[in-house]
Structures are given as C-alpha cells and as structure tokens.
Amino acid sequence: MAEEPGCNTSVAVAGQDLERSVTPPQDLRGIVIARAGGAENKPWMPRIWSGIVLSAWLRLLARNRFRIAAIRLPMALVITVLAAVINSPMGLLQNLLLGRRIRRTKIEADPIFVIGHWRTGTTFLHELLVADPRHASPTSYQCFAPAHFLVTRHWLGKIAEWLAPRHRPQDDMPFHMDSPQEDEFALCNLGVPSPYLTIAFPNHPPQYQEYLDFEGVPPRQRKRWQQRLYYFLQAVTYTAGKRLVLKSPAHLGRIRVLLELFPNAKFIHIYREPLAVFASTMNLWRRFYRDQGLQRPTYHGLEEHVLETFNRLYRAFDRDRHLLGASQFAEVSYEALVAQPIEELRRIYAQLDLGDFELTRPAVEKLLEGRKNYRPNRFDLTPEVRVKVFQAWKWFAERYGYPVS
C-alpha cells in the first residue's frame, strides 16, 4: 500500500542518497526539503480566517496591536470585509432562522475523537473512520464558515470551492469543501481562544497555549469553550444526523475537558516515529505561517516551540488517560495503520465496540484505492537536529519502541 495520505513524511540523514527532482533548499535549521508537495499559494485562495466573525477578527487584531506586514494588508482588508459583510450578518441570520432548532438538537451518540500530534496520521485515520456510512464529521466548509454554514453552503460554498486549492498547502492530500476537517478551525473563526491563532501573527509569542491542556484556564472560560464547541457540534449534527468523528491534534491534551461534555466518548490515539513527526510538523507550520499569516514569518523559536508543544500535550495526555475505560480508548501506530489498514481498523472497531466493521469495509477499501498513488513529502535531517529531537523526545521513542539514535 502507498504511504498514508495527508501527513506522509520520509526522513533521512542529510547526505544520504535521495531521489530528487530539484536541488532541495534548507529552509529551516537542519532540515533539508527533498520533496514537499502542497498547493501553490495564490492571492485569491480562501484563508483560514475567511470565515471568521467580525468580533473575533477585531479581537485578534487588537490583541496583536495590528502589527500587520505591509505586504499582508490586502489579505487583512479582504478578511475584514468578509467578516463585516458576510460572516457576522449571515451568522445572525442563521441564528435567527435556525438557532432554536440547533439548540434543541440532541447529540445522541457521544463522538469518536481521533487524537495524536500533528503529522502522525490523524487525517488518514479520520478519513477512514468517516468512510463508515454510520459516521459523519465537520466538513472543511463547516469549519471555515462555522457561524453560517447552514444558510450559505449552497451558494457561498460553491464560490469557495471554485477559489480553493485542490490540495492542502502542506502536502498533496486532496482538498475539498466537503472533506472532513479539524473542528479547531471552527473554534478560531467563532472567536474561541485557540493555539491556532498563532498562525495569524507568527512572529509574536505563541498564543493561547494554555488551551492545549487547560492548565490555568479559569473555570468560566473553560465552560465557555465547552459551550461553543458543543453548539457547533449541535449545528453539524442538525444537518448530518450521525455519530460524529472529530479530529484535532490539540485534543490530545484535552481528554478531561472533552469527557466533561461527552462521558461516553471514544478516543483513538495514533502515534508515529519521532523524527518524521518533527520534520513534517516544522514544514506544516512553515507553510501555514507563510501562506496564512499576517506577518512575514521569521520562524524564530519554531524548533523549540515544536519540541515543547509535543511534550506539553503528552504530559496532559498521560495525566488524563486513566479516566478512559477499556472500551473507550484504543491506540494504533501510523506505521501499522499504513501497512495493514483493514486489520488495524477491524481491531479498533472491536476494541471500542463501534459495530460491525464489515459494513464499512467496502467504503474503506474504495478510499484506500483512491489514495494509492499519493506522493509523500520527503525531508533530510542533519545529525545535529536528530540528536536534539532524540534528547527532547527520547522518552516517547522508548515508550513506543522507536529507535533512539
């Protein structure tokens, strides 16, 4: 089978023989890009923030003292117009027409959460689970236009499809407005504090890091975060009517907070070889900062940020995983899922009591067939960077049986 679409990365020591179509640039310290796919950035492409409501947008700008690079002013102006003319008015219209129905919508079955660090295969696992006709997920359009997707999908969504790239920015994973998407983007655009807001002002200190694990978040703000997430999921359920499968790497450190909302939720943890995770995560943030940010990114401190965020998330994960019962928690390695997707999914379904796997097997096999020609990203790491990653994440490599040197 081809390597996993959506977060594939091959890593080798710099200097080893790798097949290359062009001479790779060394964009970040110690990381040489042998091949990095993804959509080419175009001025007309929708941005992460294209669906943000006006109040959230103004708070984000004010929080960062409007320190927007001159070259990014056109982007900021377009987003401001969209927020003022479309997102907030359409959000009010949706609430007026459907707000009561949304609030009355019951989420009958607690969601399935795919948890894992960025670039560990969460997207691949998410899509495999959503292939089940009994499951649904927030779509890209719903997450990027969370305030009004119920009343604008049939017209504004068509325009967004026409303008949007055909692949994600960080790799060659196909992108569509109806593809499963991370609910974290919805929270950003609804004005909920999120670490993803760092993307908008990448040269400032990382934002809202406390919302990775909710350490130090006051109870009132914690409750508000839960309420906004629940309401968004009610809106998705209103139109989908199925059990939701949710995926956000930030949820890795939020098990306790999510269980307060959904006591019977299921969690599937996916993990991957550390060097590949590090190289691919660095590339992910590099692309997001460059294409989605309102500043010219310097990438200062990015390496340390990636290393520490990984450890912070897993400290919270280890703190709370004991809260999950045997039928609520399963783990799978990226490598095993890529090598034997059918067998690993069958095991997960049985362990979590998700129903008869054979009912979804044809859809899963069709999805796998469509991804077989996917071309992964490829990176080199210098020996110095390898040592630094192993020093920071050696505990993880030892726990899950990966090489430590």
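On a predicted model such as this, the values are computed, not experimentally measured, just so you know.

**Thoughts on the pattern of salt bridges**
Logical step 1: Applying the stated criterion across every chain, the model contains 23 salt bridges.
Logical step 2: Residue Asp 132 is joined to Arg 134 by a salt bridge in which the shortest nitrogen-to-oxygen separation is 2.8 Å.
Logical step 3: With a relative accessible area of 0%, Asp 132 lands in the buried category.
Logical step 4: We classify Arg 134 as partly exposed; its relative accessible area is 29%.
Logical step 5: Here Arg 319 makes a salt bridge to Asp 320, at a shortest N to O gap of 2.8 Å.
Logical step 6: Assessed through its relative accessible area of 28%, Arg 319 is described here as partly exposed.
Logical step 7: Where salt bridges share partners, they join Glu 215, Arg 256, Arg 319 and Asp 320 into one cluster.

**Brief notes about the packing of helix α10 (residues 274-292) against helix α15 (residues 383-400)**
Logical step 1: Contact geometry of α10 with α15 gives a least axis separation of 9 Å together with a crossing angle of 120°. Classed by the angle they form, the pair α10 and α15 counts as oblique. For the pair α10 and α15, the crossing hand works out as right-handed. Between α10 and α15, the contacting residues are Pro 274, Leu 275, Val 277 and Phe 278 on the first element and Val 385, Arg 386, Val 389, Phe 390, Trp 393, Phe 396 and Ala 397 on the second.
Logical step 2: Residues belonging to the contact of α10 with α15 are distributed by class as follows: ten nonpolar, no polar and one charged.

**Examining the packing of aromatic side chains**
Logical step 1: Evaluated as defined, the whole model comprises 28 aromatic pairs.
Logical step 2: Ring centres 6.3 Å apart and planes at 45° place the aromatic pair Phe 113 and Phe 262 in the tilted group. One end of the pair, Phe 113, is in strand β3 (residues 112-115); the other, Phe 262, is in the loop between α9 (255-261) and β6 (266-271), with 149 residues separating them in the sequence.
Logical step 3: Look at Tyr 349 and Phe 357: their rings are 5.3 Å apart centre to centre, the planes differ by 70°, and that puts the pair in the edge-to-face class.
Logical step 4: Here a set of aromatic residues connected by ring pairs shows up, and it is made of Tyr 271, Phe 278, Phe 310, Tyr 314, Phe 317, Phe 329, Trp 393, Trp 395, Phe 396, Tyr 400 and Tyr 402.
Logical step 5: Note that Arg 63 overlies the ring of Tyr 208, its terminal NZ or CZ placed 3.9 Å from the centroid.

**With respect to the nonpolar core**
Logical step 1: Ranked by size, the top nonpolar core spans 97 residues in total, and within it Trp 49, Trp 57, Trp 225, Phe 267 and Trp 285 carry the most contacts.
Logical step 2: With nine residues, α10 is the largest single contributor of residues to this core.
Logical step 3: In this structure, Phe 267 is in contact with Phe 113, Ile 115, Ile 255, Leu 258, Leu 259, Leu 324, Gln 328, Phe 329, Ala 330 and Leu 352, ignoring residues within four places of it in sequence.
Logical step 4: Judged by nonpolar contacts, the second largest core, of 23 residues, contains Leu 337, Tyr 349, Leu 367 and Leu 368.

**Here's the deal with the sheet that holds strand β4 (residues 135-136)**
Logical step 1: Pairing is parallel across the open sheet formed by five strands, whose spatial order is β4-β5-β3-β6-β7. Sheet topology places β4 and β7 (329-333) at the edges, where each strand pairs with a single neighbour.
Logical step 2: Note: β3 against β6, four bridges, orientation parallel. Across the sheet, the residue bridging to Phe 113 is Phe 267, located in β6.

**A few points about the confidence of the model for the protein**
Logical step 1: When the pLDDT values of the protein are averaged, the result is 90; 87% of them are 70 or greater.
Logical step 2: Overall, residues 12-27 carries pLDDT values under 50, and its contacts beyond four positions in sequence, including any with other chains, amount to 28 contacts.

**So, empty space enclosed by the protein**
If a probe the size of a water molecule is rolled over the atoms, the empty space left behind becomes visible.
Logical step 1: Counted under the stated rule, the structure contains two cavities of 30 Å³ or more.
Logical step 2: Looking at the largest cavity, its volume works out to about 120 Å³.
Logical step 3: Lining the largest cavity are 14 residues, and of these Trp 118, Pro 195, Trp 285, His 305 and Thr 309 sit closest to its centre.
Logical step 4: Elements with a minimum of two residues in the lining of the largest cavity: α10 and α11 (302-320).
Logical step 5: Classifying every residue of the lining of the largest cavity by side-chain character gives eight nonpolar, six polar and no charged.

Each value, and the rule that gives it
Residues numbered from 1 in each chain as written. Predicted model: local features only at pLDDT ≥ 70, side-chain atom pairs only at ≥ 80, totals over all residues. Heavy atoms only, no water. Salt bridge = Lys/Arg side-chain N within 4 Å of Asp/Glu carboxyl O. Buried < 20%, exposed > 50% of the residue type's maximum accessible area, 1.4 Å probe, protein only. Axes fitted to C-alpha atoms, helices over the stretch in contact; angles between N-to-C directions. Helix = DSSP H or I, 4+ residues; strand = E, 2+ residues; numbered from the N terminus. Parallel < 35°, antiparallel > 145°, perpendicular 65-115°, else oblique. Left-handed = near helix turned anticlockwise from the far one by under 90°. Contact = heavy atoms within 4.5 Å. Nonpolar A, V, L, I, M, F, W, Y, C, P; charged D, E, K, R; others polar. Phe/Tyr/Trp six-rings, centres within 6.5 Å; stacked < 30°, edge-to-face > 60°. Lys NZ or Arg CZ within 6 Å of the ring centre and 35° of its normal. Core = buried A, V, L, I, M, F, W, Y, C linked by side-chain atoms within 4.5 Å. Pairing = 2+ DSSP bridges. pLDDT = per-residue confidence, 0-100. 1 Å grid on protein atoms, 1.4 Å probe; cavity = no way out; pocket = protein on both sides within 12 Å on 5 of 7 lines; lining within 4 Å. Points joined across faces, edges and corners; volume = space filled by probe spheres on them.

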